[in-house]
Amino acid sequence: QLKLIQLFIIVTTTISTLCAQLTIDALRISSPTVNGTGRFMGVSGAMGALGGDYSAICVNPGGIGVFRKSDFAFSGIITSSTQNATLKDESIQNSNFETIKNKFNFGGAGFVIGGSPTASNWERVNFVLAFNQSAQFGVNTNFAGVSSGSILDRFLERSLDPNGVELDGLQPDQLDGFEAGLAYETGAIYDPITTDSKTTYIHDLLPLKTYKTSKVHSLKESGNMYNFNIGLGGNYKEKLFIGGNLNFPIYSHSSVKTHEETAPSGTNLSPFSKLKYSETTNQEGGGVNIAVGAIFKPAKTLRLGLAYQSPSYISITESYLNTLTYSYVENNAITTNTATSPDGLFEYAVITPQFVTGSIAYVSKFGFLSADVQFKDYNQSKFLLTVNSDSPADATYQNILNADIDKQFKPVWSTNLGAEAALAKFRLRAGTKISQSEFANDDKLKISYSAGAGYRGNKVYFDLGFSKRVEDGNYLPYLTGNSDFNNDGTIDAIQPLVSTKLNQYQLLMTLGFKF
């Protein structure tokens, strides 16, 4: 078990910047879902073989060639998220906590202009500029309850000397300034014997063989991911539609995490009294990728599509700040200390997976039926922590993170199904998306549903799209190395687990003009 401790410490305390990158960050950046237009949402994005929509070109750029007229449209989206969270414990049934968040966002906009070349087999050539929202990071998670373990175990793990034996600790001036250093400064960890040359840290709860703490936790997230698309496409003899995009992902994510612990009611954990630990993180970045695609119309009612998008290279700047307040009993009085980290700043990059999409659609004057099948290998996600760093520790951490991506994630197939009924100038739509989980140890399917309606005039159109997503998951409020501090064969640094259930509803409105 001490080898596990030492590996954990090497990974988390010797890197030069102590940044907060985890494999979940790579997943967040690598799994955007285009919202775009009301029509696109209404059919669950199953428009890879249809085109003629500024969001559909994110699935298959061949759809640029389908536009018959120049076009301008913009969208707004309302999102309502309800997150239920329950802290798990082997002997206590904690209460469920529900958090509701409502938000309005700019959904995107698109501008298409083109014409029909003279004396050519090309019926039309179009140029497009589009700005699509591809992700929202607005789900908040709150819980309260009693469970085994404490975040003090994490601070203790981070204080250990990777080159030492047993519980040998780093010297106080070698502790990182974001977690272990704050814990030492506030008295959350300390060396009980100061008369020898050996540094050995403990915390106030460590002498207890078994204990539980009351935990109150809040995670507030915000941010978006947008794609700015520059594309060119054409229509060849009404049989072949081809196109390509140069895409620029724009990423922002912020989080404020607050974790509090006290002794459960009726329990004496003295000298421990209470603690409050907060982490604030901001990420901003941008990148680039390319996409190409084609739509083939072998018959009047049948369309087949095939598209490819390259990996994205996204450069990210991350800033972070941590604060710890710790209270303990000393001489029959409570002593409270607070420490704040320095301002952290780190620049790195993420490579997101390439993907391929195959599509088919049946189109008639009564509407259409369509399906998209996409393959994406999430193991291709990679961190590049050394783009602006020559630190061997950063290179080591990069390799460990990328190895963890290979272990945690897997290739994924997803299917989008959509239908539209045409009733004169009015449209009714429905769709569903079925996809595998990105996690290697999760065989559950993720399913979402959508519906929509629209009006298609000669020069003006208006579309509404509605989607519902239900997702069960787990949340880790903090990470430990599952260390056995006293070598008795029992894990002391217990990893807390919170079960979550997300219900998310989105309403997207699009107004467009053809000219």
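Residues numbered from 1 in each chain as written. Predicted model: local features only at pLDDT ≥ 70, side-chain atom pairs only at ≥ 80, totals over all residues. Heavy atoms only, no water.

## Observations concerning the overall build of the chain
Here is step 1 of the chain: A tally of helices and strands in the chain yields six helices and 21 strands.
Here is step 2 of the chain: Overall size of the chain, expressed as C-alpha extent along the three principal axes, is 95 × 50 × 35 Å.
Here is step 3 of the chain: For the chain, with 515 residues in total, the buried portion stands at 53%.
Here is step 4 of the chain: For the chain, the proportion of contacts with a sequence separation of at least 24, taken over those separated by at least 6, is 73%.
Here is step 5 of the chain: As displayed, the chain has an accessible area near 22,500 Å², and 58% of this comes from carbon and sulfur atoms.
Here is step 6 of the chain: Distance from the positive charge centre (41 side chains) to the negative charge centre (45 side chains) of the chain: 20 Å. (Helix = DSSP H or I, 4+ residues; strand = E, 2+ residues; numbered from the N terminus. Buried < 20%, exposed > 50% of the residue type's maximum accessible area, 1.4 Å probe, protein only. Contact = heavy atoms within 4.5 Å. Areas by Shrake-Rupley, 256 points an atom, 1.4 Å probe, with all protein chains shown as cover. Lys, Arg positive; Asp, Glu negative; His and termini not counted. Charge placed at Lys NZ, Arg CZ, Asp CG, Glu CD.)

## Observations concerning the pattern of salt bridges
Here is step 1 of the chain: Taken as a whole and assessed by the stated rule, the structure comprises 18 salt bridges.
Here is step 2 of the chain: Across the salt bridge formed by R429 and D463, the nearest N and O atoms sit 3.0 Å from each other. In this pair, R429 is assigned in strand 18 (residues 426-436) and D463 in strand 20 (residues 460-475), connecting sequence segments 34 residues apart. For the pair formed by R429 and D463, the shared burial category is buried.
Here is step 3 of the chain: Of the charged contacts in the structure, one is a salt bridge between K446 and E438, with a shortest N-O distance of 2.8 Å.
Here is step 4 of the chain: Residue class for K446 comes out partly exposed when judged on its relative accessible area of 25%.
Here is step 5 of the chain: Three or more residues are tied together by salt bridges with common partners; here these are R39, E420, R427, R429, R456 and D463. (Salt bridge = Lys/Arg side-chain N within 4 Å of Asp/Glu carboxyl O.)

## A look at the environment of F485
Here is step 1 of the chain: Following the sequence through the fold, F485 ends up in the loop between strand 20 and strand 21 (498-514).
Here is step 2 of the chain: For F485 and L167, which are 318 residues apart along the polypeptide, the C-alpha to C-alpha distance reads 7.2 Å.

## Comments concerning the nonpolar core
Here is step 1 of the chain: Residues L152, F155, F272, L324 and Y326 are the most contacted members of the largest nonpolar core, which totals 27 residues.
Here is step 2 of the chain: Elements with a contribution of two residues or more to this core: helix 4 (151-159), helix 5 (180-186), strand 9 (272-299) and strand 11 (313-330).
Here is step 3 of the chain: Of all the elements, helix 4 adds the most residues to this core, at four residues.
Here is step 4 of the chain: Sequence-distant contacts of L152, defined by excluding residues within four places in its chain, comprise A188, H203, L205, F272, L275 and Y326.
Here is step 5 of the chain: Counting 22 residues, the second-largest nonpolar core is a separate cluster that includes A135, M225, V350 and F409. (Core = buried A, V, L, I, M, F, W, Y, C linked by side-chain atoms within 4.5 Å.)

## Side note on the pairing of strand 14 (residues 355-364)
Here is step 1 of the chain: Where strand 10 (residues 302-309) lies against strand 14, eight bridges are found, and the strand directions are antiparallel. Bridging across to strand 14, G305 finds its partner in S359.
Here is step 2 of the chain: By the bridge criterion, 10 bridges tie strand 14 to strand 15 (residues 367-377) in an arrangement that is antiparallel. Residue A361 lies in a different strand from strand 15, and its bridge partner there is S370.
Here is step 3 of the chain: The loop that links strand 14 with its antiparallel partner strand 15 comprises two residues. (Pairing = 2+ DSSP bridges.)

## A few points about the pairing of strand 7 (residues 212-236)
Here is step 1 of the chain: Burial runs high along strand 7: 18 of the 25 residues are buried.
Here is step 2 of the chain: Strand direction decides the pairing type here: strand 3 (residues 122-136) and strand 7, joined by 13 bridges, are antiparallel. Among the inter-strand pairings, L129 is bridged to a residue of strand 7, identified as I230.
Here is step 3 of the chain: Two elements, strand 7 and strand 8 (residues 240-262), share 23 bridges in a ladder whose sense is antiparallel.

## Digging into the environment of N245
Here is step 1 of the chain: Checked against the element boundaries, N245 lands in strand 8.
Here is step 2 of the chain: N245 sits in the buried class, given a relative accessible area of 5%.
Here is step 3 of the chain: Placed 44 residues apart in sequence, N245 and Y201 show a C-alpha to C-alpha distance of 56 Å.
Here is step 4 of the chain: Only 2.9 Å separates the side chain of N245 from the backbone oxygen of I57, close enough to count as a polar contact. (Polar contact = N/O pair within 3.5 Å; in protein donor to acceptor, adjacent residues only side chain to side chain.)

## Let's talk about the side chain of R124
Here is step 1 of the chain: Relative to the assigned elements, R124 resides in strand 3.
Here is step 2 of the chain: Buried charge without a partner: R124 forms no salt bridge, and the closest opposite charge is E238, 9.1 Å away.
Here is step 3 of the chain: A polar contact is formed between the side chain of R124 and the backbone oxygen of G114, at a distance of 3.3 Å.
Here is step 4 of the chain: When neighbours within four sequence positions are excluded, R124 is seen to be in contact with F67, R68, K69, S70, G114, G115, S116, P117, G233, G234 and N235.

## Observations concerning helix 4
Turn by turn, an α-helix covers 3.6 residues, leaving residues three or four places apart pointing in a common direction.
Here is step 1 of the chain: Across the nine residues of helix 4, nine count as buried, placing the element largely inside the fold.
Here is step 2 of the chain: Along helix 4, the residues classified as buried are I151, L152, D153, R154, F155, L156, E157, R158 and S159.
Here is step 3 of the chain: At the N-terminal end of helix 4, a side-chain oxygen is found 3.0 Å from the backbone nitrogen of L152, two or three residues along, and the residue is S150.

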